[in-house]
Amino acid sequence: MGMIQPKLKNDALLQDIAQARQDIDHLHFWWLGQSGFLVVWRSSSLLLDPYLSDSLTKKYAGTDKPHVRMTERPIPPSRLDFINIVTSSHNHTDHLDGETLKPLLQSNPDLVILVSEANREFAAQRLQVAPERLTGICIDQPANVGDYTFWAIPSAHETVEVDAAGNPRYMGLIIQCAGRTLYHSGDTVLYPGLAERLRQWRIDVGLLPINGRDPQRGVAGNLSGREAAQLARESEMRLVIPCHYEMFEFNTASPDEFIWACRELCQPFHILKCGERFSL
């Protein structure tokens, strides 16, 4: 069986993005696979945790943990030459990928790369740039970049880890733009106080992983589909979009459990295919 095909890819995806940028009344999202999203507001473009290479498939080929790709990548990163900001929630390669971020830097010389201050030195080494080239965000301190305001909150993958200053090594981002509030959790499981922390933000759209956790996979886990639905409901998110599935065969899940749980909890949700747009 062949790989899952993106809804839109390459030229068709770029054409859709160009059309959306003319629609200045809406905030636009595309799921690019795993936890990667493109967010466009007017002429401003934000990439969240993009993974647009086969670096992990190559790295783990022939090992006991092969990263067999399930979904074809929607676009090479070098073709995204209009990006203003890119984020990395933590240091795992599917969220901080040198083979994605280096071509993005080449195509976007003024690109702002936003990472947790706790990870800035590591990220700079991976990307082979000076730490000063990256923008570190600290806990409880807003980062204002163009049309966006970011706030870092801890995620737990599988535990909450912080540096000496309290900055999270696994970071979720509250993103304010166009009068809307978004939440991109990065990788996380539930931890005490997370729903209460999120509720105060009045989140319009939450982007949550649903691949769950299984110690036999040999990698840190995430929310299951039901847990993601429960977190969205308890956090009073107006809408939740699932991610972090259908990328690697050994570490995925069906969205069915998430869909059933959202319907059971009366939690509004939206399912995106890779390369598909959602407009808010």
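Residues numbered from 1 in each chain as written. Predicted model: local features only at pLDDT ≥ 70, side-chain atom pairs only at ≥ 80, totals over all residues. Heavy atoms only, no water.

Quick look at the packing of helix α6 (residues 225–234) against helix α7 (residues 256–265)
Interhelical geometry of α6 versus α7 gives an angle of 35° and a closest axis separation of 7 Å. Judged by the sense of rotation from one axis to the other, the crossing of α6 with α7 is right-handed. On α7, the residues that touch Gly-225, Arg-226, Ala-228, Ala-229, Gln-230 and Arg-233 of α6 are Glu-257, Phe-258, Ala-261, Cys-262, Glu-264 and Leu-265. Residues that form the contact of α6 with α7 fall into these classes: six nonpolar, two polar and four charged. (Axes fitted to C-alpha atoms, helices over the stretch in contact; angles between N-to-C directions. Helix = DSSP H or I, 4+ residues; strand = E, 2+ residues; numbered from the N terminus. Left-handed = near helix turned anticlockwise from the far one by under 90°. Contact = heavy atoms within 4.5 Å. Nonpolar A, V, L, I, M, F, W, Y, C, P; charged D, E, K, R; others polar.)

Some thoughts on the sheet that holds strand β8 (residues 148–154)
Strand order across the open sheet formed by six strands is β7-β8-β9-β10-β11-β12, with mixed pairing between neighbours. One side of each edge strand has no neighbouring strand; the edge strands of this open sheet are β7 (143–145) and β12 (240–243). On average, each strand axis in the sheet is inclined to that of its neighbour by 20°, with strand direction left out of account. Bridging between β7 and β8 involves three bridges; their strand directions are antiparallel. Within β8, the residue paired with Ala-143 across the bridge is Phe-150. (Pairing = 2+ DSSP bridges.)

Some details on the sheet that holds strand β6 (residues 135–137)
Strands sit in the order β6-β5-β4-β3-β2-β1-β13 across an open sheet of seven strands; the sheet is mixed. Edge strands, defined here as strands with exactly one partner in the open sheet, are β6 and β13 (277–279). The sheet shows a mean angle of 20° between the axes of neighbouring strands, taken without regard to direction. Of the strand pairs in this sheet, strand β1 (residues 27–33) and β13 are connected by three bridges, and their pairing is antiparallel. The residue bridging His-28 from the neighbouring strand is Ser-279, located in β13. Running over the sheet, helix α1 (residues 10–22) touches β1, β2 (36–41), β3 (44–48) and β13 and is turned about 160° from β1.

Regarding the pattern of salt bridges
Within the structure shown, the criterion is met by eight salt bridges. When the shortest N-O distance is used, the salt bridge between Glu-72 and Lys-9 registers 2.6 Å. Residue Glu-72 is found in the loop between α2 (55–59) and β4 (85–88), and its partner Lys-9 is found in the segment before α1; the two are separated by 63 residues along the sequence. Given a relative accessible area of 28%, Lys-9 falls into the partly exposed group. (Salt bridge = Lys/Arg side-chain N within 4 Å of Asp/Glu carboxyl O. Buried < 20%, exposed > 50% of the residue type's maximum accessible area, 1.4 Å probe, protein only.)

Digging into the pairing of β4
Neither face of β4 is exposed, since Ile-85 and Thr-87 on one face and Val-86 and Ser-88 on the opposite face are all buried. Where β3 meets β4, three bridges bridge the pair, whose relative direction is parallel. Across the sheet, Leu-47 pairs through a bridge with Val-86, a residue of β4. Strand direction decides the pairing type here: β4 and strand β5 (residues 112–116), joined by four bridges, are parallel. Among the inter-strand pairings, Ser-88 is bridged to a residue of β5, identified as Val-115. Considered for its hand, the β-α-β crossover made up of β4, helix α3 (residues 98–107) and β5 is right-handed. (Right-handed = clockwise from strand over helix to strand, strands pointing away.)

A few points about the environment of Arg-199
Within the element layout of this structure, Arg-199 appears in helix α5 (residues 194–199). Linking Arg-199 and Gln-19, residues 180 residues apart in sequence, is a C-alpha distance of 34 Å. In contact with Arg-199, not counting residues within four places along its chain, are Glu-234, Ser-235 and Glu-236. Within the structure, Arg-199 has its side chain in polar contact with the backbone oxygen of Glu-234 (distance 2.9 Å). (Polar contact = N/O pair within 3.5 Å; in protein donor to acceptor, adjacent residues only side chain to side chain.)

Overview of the nonpolar core
The biggest cluster of nonpolar side chains holds 53 residues, and the ones touching the most others in it are Tyr-148, Phe-150, Tyr-183, Leu-198 and Leu-208. The leading source of residues in this core is strand β9 (residues 171–177), at five residues. Among the nonpolar cores identified, the runner-up in size contains 26 residues, and Val-40, Leu-52, Leu-80 and Leu-127 belong to it. (Core = buried A, V, L, I, M, F, W, Y, C linked by side-chain atoms within 4.5 Å.)

Some words on α3
Of the residues making up α3, those classed as buried are Gly-98, Thr-100, Leu-101, Pro-103, Leu-104 and Leu-105. Taken together, the buried residues of α3 touch β3, β4, β5 and α4 (120–127).

Some thoughts on α4
Of the residues making up α4, those classed as buried are Ala-123, Ala-124 and Leu-127. Around the axis of α4, the buried residues are gathered within 100° of arc, so they sit on the same side. Exposed residues on α4 whose side chains face more than 90 degrees from its buried face are Glu-121 and Gln-125. Each element contacted by the buried residues of α4 is listed here: α3 and β5. (Arc of directions from axis to C-beta.)

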